[in-house]
Amino acid sequence: MALIVQKYGGTSVGTVERIQGVAQKVKGFREQGHDVVVVVSAMSGETNRLIGMANEISQRPVPREMDVLVSTGEQVTIALLAMALTELGCAAKSYTGGQVRIHTDSAHTKARIQAIDDENMRADLKAGRVVIVAGFQGMDDNNNITTLGRGGSDTTAVALAAALKADECQIYTDVDGVYTTDPRVVESARRLSKITFEEMLEMASLGSKVLQIRSVEFAGKYNVPLRVLSTFEDGPGTLITTEELDSMEQPVISGIAFNRDEAKLTLLGVPDVPGVAAKILAPVGAKNIEVDMIVQNVGADQTTDFTFTVHRNDVEAAYEVLEGVSKELGAREVRKDSKICKVSVVGVGMRSHAGVASQMFETLAAEGINIQMISTSEIKISVVVDEKYLELAVRSLHQAFELALEDAN
Ligand code: ADP
Ligand code: ASP
Ligand code: MG
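Because the structure is predicted, anything quoted here is derived from the model rather than measured. (Residues numbered from 1 in each chain as written. Chains lettered and ligands numbered in written order. Predicted model: local features only at pLDDT ≥ 70, side-chain atom pairs only at ≥ 80, totals over all residues. Heavy atoms only, no water.)

Caption draft 1: Representation of the site of ligand 2. Around ligand 2 lies a shell formed by Ser41, Ala42, Thr47, Glu74, Phe136, Arg150, Gly151, Gly152 and Ser153. Backbone polar atom of Gly151 to an oxygen atom of ligand 2: 2.9 Å apart, as the coordinates give it. Contact between ligand 2 and Gly152: an oxygen atom at 3.3 Å from a main-chain N or O atom of the residue. Burial of ligand 2 by the protein amounts to 87% of the accessible area it has alone, namely 270 Å². When grouped by side-chain class, the residues that make up the shell around ligand 2 number two nonpolar, five polar and two charged. (Near = heavy atom within 4 Å. Polar contact = N/O pair within 3.5 Å; in protein donor to acceptor, adjacent residues only side chain to side chain. Areas by Shrake-Rupley, 256 points an atom, 1.4 Å probe, with all protein chains shown as cover. Nonpolar A, V, L, I, M, F, W, Y, C, P; charged D, E, K, R; others polar.)

As structure tokens, this is what we get:
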């Protein structure tokens, strides 16, 4: 008998029938004698629908009200799932984030969990009830509803698992595990039986939305055993683990991530003097715009071109800032380009293997794909390329690094 926290994503609770299917599944775990806490997302499409309505009314909706609005999606699914379980004769009780007392900071729309009160949940479990918790939401010091950022139900589940010291946190979704790359883009993508936290964190940060980044951070920090599985078919899924494979088994590359959400900005012909980078990026940072990749190259004429990427949603705001900076620094021109994507290869095996970068660049060159920017860390290499090459780049890299082959375990 174990204590399991399970999270069911939007597709898994996308219709009333599917909610009834989830109830059957949860009941099965209860019958095996397990204590179960279930976290649910909103029905698929619902969060987008709510955001769409807000945007019809306001270009910049008040963040506090945005959270009041989008948190309703999960309130619907917790109640329906509790009803479905009750109909099956399985005692269950639903809780919003605030009712559990999932305490967060006040950063509306991207709040962080600070503490979780486990008292109510433990009392229900003891009384034999399934506890159902709304994902993605919490409450700040002043009882304002907060939300945790898109995909935040994963983080709710991991945080509850950490607070309850659960035996496992299971993320049920519409794919049967973590794959070498998004199986919707590369058909020959292969399910990984295991992946390290470190690699999963890179994959999530670099665009693989199968798990929210913070959920992986949380699981790593609090040592929560985390598994990704399919709601619709049985199978072992993928275990996220601290254990590394031994070096014989360790592939050089474990996966390929990609991200279509970035845009590139370039300041051309900036005088090449000390302090320029800070002068460009400080006002961007002051607008709360996060900068990802940065490239600076110096030309023969004592000027430099300064390029960086930001989230696509921030490109207009960043462009405005740069127009101001450009005048101040006497730069020649400001350019923006949203038709880019970032493709990254990830693997802890890179630490002990040379030549990954050259193999990556040769593969892209052979397909005629021009690399616009490059960044590397110990276990990843990312490139920015034209958006139209996204699928070709991912497929050819997947093949070049032989990721479709069976893994050793
Ligand atoms: P949920 O609604 O259950 O939270 P998400 O849509 O957030 O589901 O995450 C699951 C999706 O993540 C899959 O349908 C898949 O398209 C995508 N995905 C991206 N990269 C990967 C990967 N490496 N492995 C598995 N799925 C991936
Ligand atoms: N419903 C929220 C979203 O669509 C949270 C989640 O599903 O994890 O982002
Ligand atoms: Mg998700």
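From this point on, the discussion continues.
Caption draft 2: Structural view of the sheet that holds strand S20 (residues 380-386). Within the open sheet, the four strands sit side by side as S13-S18-S20-S19. Their pairing is antiparallel. The sheet terminates laterally at strand S13 (255-259) and strand S19 (373-377), the two strands that pair on one side only. This sheet shows a mean twist of 20 degrees between the axes of neighbouring strands, independent of strand direction. Here five bridges tie S19 to S20, and the two strands are oriented antiparallel to one another. Each residue of the ladder has a partner; that of Ser375, found in S20, is Ser382. Along the sheet, helix H12 (residues 356-366) contacts strand S18 (340-346), S19 and S20; its crossing angle with S20, the most-contacted strand, is approximately 20 degrees. (Pairing = 2+ DSSP bridges. Helix = DSSP H or I, 4+ residues; strand = E, 2+ residues; numbered from the N terminus. Axes fitted to C-alpha atoms, helices over the stretch in contact; angles between N-to-C directions. Contact = heavy atoms within 4.5 Å.)

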